[in-house]
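Below, each chain spelled out in residue letters.
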Amino acid sequence: MKHSIARFFLHFHPKKVRAEAIRFDRTFGLGGIAALLFVVLFITGMMLRFAYIPSAGEAHDSIVNLQQEVLFGSLLRNLHYWSAMSLVVVAFLHLVRVFYSQSIFEERRKNWIYGLVLLFLVLSANFTGYLLPWDQLSYWAVTIMTNMLTYIPFVGNGLADIIRGGDVVNENTLLRFYHFHTGLMPFLMIFFLSVHFWLVRKSGGVALPAGTDKKMTDVNPHLVYKEIIVALILLLAIFLFSVFVDAPLLEKAKPLVSPNPSRAPWYFMGFQELLMHIHPTFGAFIIPLLVLIFFISIPFLKFTEIKKGVWFYSSKGKQLTILSAVSSVIYTFAFVVLSDTVLDLSNRLSGWPSIISTGLLSSLIYFIPVALFILYLKRNKQACRMEIIIAIVTFILAAYITMMLTGSLLRGEGMQLIFLI
Ligand code: HEM
């Protein structure tokens with residue numbers, strides 16, 4: 001029995017791998033950590049189903065009951081909640097790792113796309129679970145997010161109505177989210193994860209730079225022991241965190257009384273912040289769509305040279321990553337503050353159609369300097385195409401994180417910047 005369990009787990013790996021591939025700093029174990037978090041979520045989620053009642057009248061009480069009356073109920077909920085939040089962070093870091101270590105080209109292209117689908121599923125699973133406690137936090141976060149969908153031209157209203165099961169978040173939404181969260185999402189994730197793991201093996205494991213030592217090593221024990229150690233540390237960390245820090249639960253949802261400020265879930269706060277400066281047709285539709293198309297297309301672009309497994313492509317690539325990240329944080333934050341104060345286009349140009357003033361104009365004000373910055377990297381720094389792509393991705397990621405942190409931490413009542421109140 002012991003042996004058959006061990007053999008089952010060894011199916012995830014070949015018998016031997018390149019010794020260089022199992023160095024911790026190649027992957028930081030992020031894919032494996034994400035996989036383990038998914039397992040923790042699956043098991044704790046199954047257990048939570050025994051206590052949870054998916055109806056607007058009883059959902060909140062069932063969570064309170066779980067926390068107060070069920071032995072280790074709070075711990076169970078905390079484990080599920082903190083694992084879910086960690087998975088968002090870890091999946092994002094894993095994306096960052098595979099991108100910067102140039103592990104998304106040629107035979108790994110498909111896995112980049114499957115990875116993007118997985119990220120979408122991780123966020124959707126997280127978001128659909130967010131509503132289930134039916135408290136003020138979750139109710140209004142989902143209201144904000146589903147309202148954002150209505151800004152997608154032509155299909156937005158219909159899409160939002162389908163997701164909510166009506167024109168506001170209500171009992172139908174809760175039931176839909178419950179079935180998505182506990183049925184469809186886990187099923188889709190298992191499917192896409194299986195394909196993802198299979199493609200990792202099919203493409204020869206972790207990408208390594210050309211000329212790396214070809215020495216092979218036994219997976220068992222060399223890789224298996226490392227994996228066990230990482231898994232035990234992770235489980236211990238999540239367990240201890242869940243013992244000491246409770247998952248948030250506010251009072252039961254009041255559909256007529258919105259909290260001030262009402263916020264989207266933290267990982268979508270970047271969009272909420274963006275919509276405060278740029279018209280929703282641009283902020284909630286055109287810009288995210290262009291970014292998505294750009295991300296999907298990266299491994300399909302033509303490059304003169306691909307350096308699989310080489311972090312940041314070159315030492316110049318590394319320099320430009322730092323320059324781009326720092327510029328993006330400073331510039332994006334300055335844009336946010338100026339847009340709230342000096343620019344204030346919605347009031348200044350109140351006679352203009354908003355799609356022109358806060359839409360086109362605001363977007364141009366943000367993006368023209370960004371385009372000039374990219375031109376500067378090309379002309380003055382003689383960056384090659386791959387280095388430019390790395391700089392653009394860095395700029396986008398850093399801008400989103402800056403918006404997310406500003407919206408989450410620096411805005412108070414009425415979504416005013418706290419240092420300007
Ligand atoms: C629940 C989410 C995910 C899980 C559990 C997961 C798991 C894994 C694992 C175990 C590996 C093997 C190497 C490693 O540990 O890094 C891997 C490789 C890979 N993943 Fe993911 N992944 C997830 C999400 C993503 C996302 C969001 C992306 C990017 C959009 C992505 C793209 C890739 C690529 C391109 C590889 C091949 C990298 C290489 O060969 O070096 N994955 N993934």
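The model shown is predicted, which means the values in this text are computed figures rather than measured ones. Numbering of residues begins from 1 in every chain and follows the order in which that chain's sequence is written. Per-residue local features of the predicted model are confined to residues with pLDDT of at least 70, and side-chain atom pairs are confined, for both listing and counting, to 80 or more; whole-chain, interface and lining totals are unaffected and use all residues. Water and hydrogen atoms play no part in the side-chain values, which are based on all heavy atoms of the structure.

**Some thoughts on the environment of Lys15**
Okay, step 1: Helix and strand assignments follow DSSP, with helices taken as H or I runs no shorter than four residues and strands as E runs no shorter than two, numbered in order from the N terminus. Following the sequence through the fold, Lys15 ends up in the loop between helix H1 (2-10) and strand E1 (16-18).
Okay, step 2: Only protein chains enter the accessibility calculation, which uses a 1.4 Å probe; a residue is then buried when its area is under 20% of its type maximum, exposed when over 50%, and partly exposed in between. Looking at Lys15, the relative accessible area reads 77%, which means it is exposed.
Okay, step 3: It is 6.1 Å that separates the C-alpha atoms of Lys15 and Asp218, two residues lying 203 residues apart in sequence.

**Remarks on the site of the ligand**
Okay, step 1: Consider each residue's heavy atoms; a residue with any of them within 4 Å of a molecule or strand counts as near. Neighbouring the ligand are 25 residues, the closest being His94, Arg97, Arg108, Gly115 and His196.
Okay, step 2: Distance and chemistry together define a polar contact, namely a pair of N or O atoms within 3.5 Å, with one atom able to donate a hydrogen and the other to accept it when in protein, and with adjacent residues in sequence counting only for side-chain atoms on both sides. Within the backbone of Gly205, an N or O atom sits 3.3 Å from an oxygen atom of the ligand.
Okay, step 3: Backbone polar atom of Ala207 to an oxygen atom of the ligand: 3.1 Å apart, as the coordinates give it.
Okay, step 4: The set of elements that each furnish at least two residues to the shell around the ligand consists of helix H3 (30-49), helix H5 (73-100), helix H6 (109-131) and helix H9 (171-202).
Okay, step 5: Of the residues forming the shell around the ligand, the biggest block, 7 residues, is contributed by H6.
Okay, step 6: Along the lines of polarity and charge, the residues of the shell around the ligand split into 14 nonpolar, 9 polar and 2 charged. Polarity classes work like this: nonpolar for Ala, Val, Leu, Ile, Met, Phe, Trp, Tyr, Cys and Pro, charged for Asp, Glu, Lys and Arg, and polar for all others, with Gly in that last group.

**Digging into the domain arrangement of the protein**
Okay, step 1: The split of the chain into domains comes from an automatic or database domain assignment. Here the protein is partitioned into domain 1 (9-264) and domain 2 (292-421).
Okay, step 2: Centre-to-centre, using C-alpha coordinates, domain 1 lies 27 Å away from domain 2.
Okay, step 3: Taken together, the contacts link 27 residues of domain 1 with 29 residues of domain 2.
Okay, step 4: When two parts are put together, the accessible area they lose, computed with a 1.4 Å probe and summed over both, is reported as buried area. For the pair domain 1 and domain 2, the summed buried surface comes to about 2300 Å²; carbon and sulfur atoms form 68% of the total.
Okay, step 5: On the domain 1 side of the contact with domain 2, Tyr100, Gln102 and Phe105 bury the most area, a combined 30% of that side's loss.
Okay, step 6: Salt bridges are identified by distance alone: a Lys or Arg side-chain nitrogen within 4 Å of an Asp or Glu carboxyl oxygen. Linking Glu106 and Lys308 is a salt bridge whose minimum nitrogen-to-oxygen distance equals 3.0 Å.
Okay, step 7: Linking domain 1 to domain 2 there are 11 residue pairs in polar contact (both at pLDDT 80 or more).
Okay, step 8: Secondary-structure elements contributing two or more residues to the side of domain 1 that touches domain 2 are helix H2 (24-27), H5 and H6.
Okay, step 9: With 5 residues, the single largest contributor to the side of domain 1 that touches domain 2 is H5. Residues are treated as being in contact if the distance between any of their heavy atoms lies within 4.5 Å.

**Things to note about the environment of Val243**
Okay, step 1: With respect to the secondary-structure elements, Val243 resides in helix H10 (residues 219-244).
Okay, step 2: Look at Val243 and you get partly exposed, because its relative accessible area is 42%.
Okay, step 3: Between the C-alpha atoms of Val243 and Gly270, which are 27 residues apart in sequence, the distance is 30 Å.

**Section: helix H8 (residues 156-164)**
Okay, step 1: By the burial criterion, the buried members of H8 are Gly156, Ala160 and Arg164. For H8, the buried positions fall inside an angular range of 55° around the axis, keeping them on one side.
Okay, step 2: Among the structural elements, helix H7 (136-149) and H9 are those in contact with the buried residues of H8.
Okay, step 3: After H8 finishes, the residue Gly165 shows a positive phi value of roughly 70°. Directions are taken from the helix axis to each C-beta atom, and the arc is the one they span.

**With respect to helix H13 (residues 315-343)**
Okay, step 1: The largest bend along H13 reaches roughly 30° and is located at Val337.
Okay, step 2: In this structure, the buried side of H13 is in contact with H5, helix H11 (269-275), helix H15 (354-379) and helix H16 (385-409).
Okay, step 3: Once H13 ends, the next one or two residues include Asp344, with phi positive near 40°. Take the seven residues that end at a residue and the seven that start at it, fit an axis to each, and the angle between those axes is the bend at that residue.

**What about the packing of aromatic side chains?**
Okay, step 1: Stacked, tilted and edge-to-face pairs are distinguished by plane angle, under 30 degrees for stacked and over 60 for edge-to-face with tilted covering the rest, among Phe, Tyr and Trp rings (Trp via its six-membered ring) whose centres lie within 6.5 Å. Applying the stated rule across the entire model yields 29 aromatic pairs.
Okay, step 2: Taking the centre distance of 6.0 Å and the plane angle of 85° together, the rings of Phe24 and Phe28 count as edge-to-face.
Okay, step 3: The exposure class assigned to Phe28 is partly exposed, which follows from its relative accessible area of 35%.
Okay, step 4: Through a chain of ring-to-ring contacts, three or more aromatic side chains come together here, namely Phe24, Phe28, Phe99, Tyr100, Trp112, Phe294, Phe295, Trp311 and Phe312.

**Structural notes on the pattern of salt bridges**
Okay, step 1: Throughout the structure, instances matching the rule amount to 11 salt bridges.
Okay, step 2: Put simply, Asp25 and Arg23 hold a salt bridge, and the shortest N to O gap is 3.1 Å.
Okay, step 3: Using a relative accessible area of 36% as the deciding quantity, one classes Asp25 as partly exposed.
Okay, step 4: The class of Arg23 is partly exposed, set by a relative accessible area of 35%.
Okay, step 5: Salt-bridge contacts for Glu273 lead to Arg411; the nearest nitrogen and oxygen are separated by 2.7 Å. Within this pair, whereas Glu273 is found in helix H11, its partner Arg411 is found in the segment after H16, the two being separated by 138 residues in sequence.
Okay, step 6: The structure contains a network of salt bridges with shared partners spanning Glu20, Arg23, Asp25 and Arg26.

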